[in-house]
Amino acid sequence: MIRLHSPVAELSPDYANRWVTNLKTYAGNITKKVYLMPVNEPNNADPNRHVEVDTARVFISALSQGLDNEGLLNTKYIVTSPMIDPTAADVTGYLDNFCADEFCKQFAAVAVAPYDFTGEMSNIISYFPGASMIAAETGIKRGGEVVYGQDSETADFLHSVKDSWGKSAIAACIFSYDPDHNTNQEWIYSATNTLTALRG
């Protein structure tokens, strides 16, 4: 999976077209389809993450159209939904507007960021008919802060959410390093319990 959204970038058609140009450059080397997560937690109230519905829709439409024009959409690259924060204040309100006019039927996968979230995911998934679910960012928290490098705790969390995430979940993405402090960079490669949990 490639995350396309940088908080410092303006999500515009021009930005989408620049991504298409870059992705086209590498398409010849791709042997398996690559998921593209276009927008990071747009339903979160944090001003560094929140993205207005219209802005997100215009960016995604330009991205998908550009990839389609190059023959790359769903042949080399699969565009997921924006990564939804299931703990945000008004998930339903955001998705009601974002998915209006059947906009969400285009997505084969819905990206979600369920940190420490063991609740039912069916409400979010219901907005994306037939889509698989990708936990595009997940892990454990203590005191509201993400904790990295804890093999047993992370594995326990993954085991606890299997039923609530449902059979539509096809992947869980966990940081292999601490992005805030650049420490313990390779813990997940020797995290036996976590790797076993990820394999199902």
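Structural notes, computed from the coordinates.

The rules we used
- Residues numbered from 1 in each chain as written.
- Predicted model: local features only at pLDDT ≥ 70, side-chain atom pairs only at ≥ 80, totals over all residues.
- Heavy atoms only, no water.
- Pairing = 2+ DSSP bridges.
- Helix = DSSP H or I, 4+ residues; strand = E, 2+ residues; numbered from the N terminus.
- Contact = heavy atoms within 4.5 Å.
- Axes fitted to C-alpha atoms, helices over the stretch in contact; angles between N-to-C directions.
- 1 Å grid on protein atoms, 1.4 Å probe; cavity = no way out; pocket = protein on both sides within 12 Å on 5 of 7 lines; lining within 4 Å.
- Points joined across faces, edges and corners; volume = space filled by probe spheres on them.
- Nonpolar A, V, L, I, M, F, W, Y, C, P; charged D, E, K, R; others polar.
- Buried < 20%, exposed > 50% of the residue type's maximum accessible area, 1.4 Å probe, protein only.
- Salt bridge = Lys/Arg side-chain N within 4 Å of Asp/Glu carboxyl O.
- Parallel < 35°, antiparallel > 145°, perpendicular 65-115°, else oblique.
- Left-handed = near helix turned anticlockwise from the far one by under 90°.

Notes on the sheet that holds strand S1 (residues 2-3)
No. 1: In spatial order, the strands read S1-S2-S3; together these 3 strands make up an open sheet with parallel pairing. Because the sheet does not close on itself, it has two edges, and the strands there are S1 and strand S3 (77-79).
No. 2: When S1 meets strand S2 (residues 34-37), the two strands line up parallel, connected through 2 bridges. The residue bridging Arg3 from the neighbouring strand is Met37, located in S2.
No. 3: In this fold helix H2 (residues 53-69) packs onto S2 and S3, with an angle of close to 160 degrees to the strand it touches most, S3.

Structural notes on the environment of Asn193
No. 1: Checked against the element boundaries, Asn193 lands in helix H6 (residues 192-198).
No. 2: For Asn193 and Asn74, which are 119 residues apart along the polypeptide, the C-alpha to C-alpha distance reads 33 Å.
No. 3: The residues touching Asn193, leaving out its near neighbours within four places in the chain, are Asp151, Ser152 and Ala155.

Structural notes on empty space enclosed by the protein
No. 1: All chains considered together, the criterion is met by 1 cavity of 30 Å³ or more.
No. 2: Space inside the largest cavity adds up to approximately 60 Å³.
No. 3: Every residue along the wall of the largest cavity is listed here: Tyr115, Thr138, Gly139, Ile140, Val146, Val147, Tyr148, Gly149, Thr154, Ile174, Phe175 and Trp187.
No. 4: Counted by class, the lining of the largest cavity contains 8 nonpolar, 4 polar and no charged residues.

Remarks on unusual backbone geometry
No. 1: Even without being a glycine, Glu41 presents a positive backbone phi close to 45 degrees.
No. 2: Turning to its location among the elements, Glu41 is positioned in the loop between S2 and H2.
No. 3: For Glu41, a relative accessible area of 4% translates into the label buried.
No. 4: For Glu102, which is not glycine, the phi torsion reads 60 degrees and is therefore positive.
No. 5: Within the secondary structure, Glu102 is located in the loop between helix H3 (91-98) and strand S4 (109-112).

Notes on the layout of surface pockets
No. 1: Of the volumes computed, that of the largest pocket is approximately 510 Å³.
No. 2: Together, 19 residues line the largest pocket, and Glu41, Arg49, Tyr115, Glu137 and Val146 are the ones closest to its centre.
No. 3: Each residue belonging to the lining of the largest pocket can be placed in one class, and the counts come to 6 nonpolar, 4 polar and 9 charged.
No. 4: A volume near 250 Å³ is recorded for the second largest pocket.
No. 5: Residue lining of the second largest pocket: 13 residues in total, with Lys162, Trp165, Ala169, Ala197 and Leu198 positioned closest to the centre.

Things to note about the pattern of salt bridges
No. 1: Applying the stated criterion across every chain yields a total of 7 salt bridges.
No. 2: The partner of Glu102 in a salt bridge is Lys105, with the nearest N and O atoms 3.3 Å apart. In this pair, the class of Glu102 matches that of Lys105, namely exposed.
No. 3: Salt bridges sharing common partners tie together Glu41, Asp46 and Arg49.

Notes on the pairing of S4
Regular strands place their side chains on alternate faces of the sheet.
No. 1: Side-chain alternation along S4 places Ala109 and Ala111 on one buried face and Val110 and Val112 on a second face that is also buried.
No. 2: By the bridge criterion, 4 bridges tie S4 to strand S5 (residues 132-135) in an arrangement that is parallel. By the bridge assignment for S5, Ala109 is matched with Ser132.

Some thoughts on the packing of H2 against H3
No. 1: At a minimum axis distance of 9 Å, the contact between H2 and H3 shows a crossing angle of 50 degrees. When the interaxial angle is binned, H2 and H3 end up oblique. In terms of crossing hand, the pair formed by H2 and H3 is right-handed. Contacts from Val53, Ala56, Arg57 and Ile60 in H2 reach Tyr94, Asn97 and Phe98 in H3.
No. 2: Grouping the amino acids of the contact of H2 with H3 by side-chain chemistry returns 5 nonpolar, 1 polar and 1 charged.

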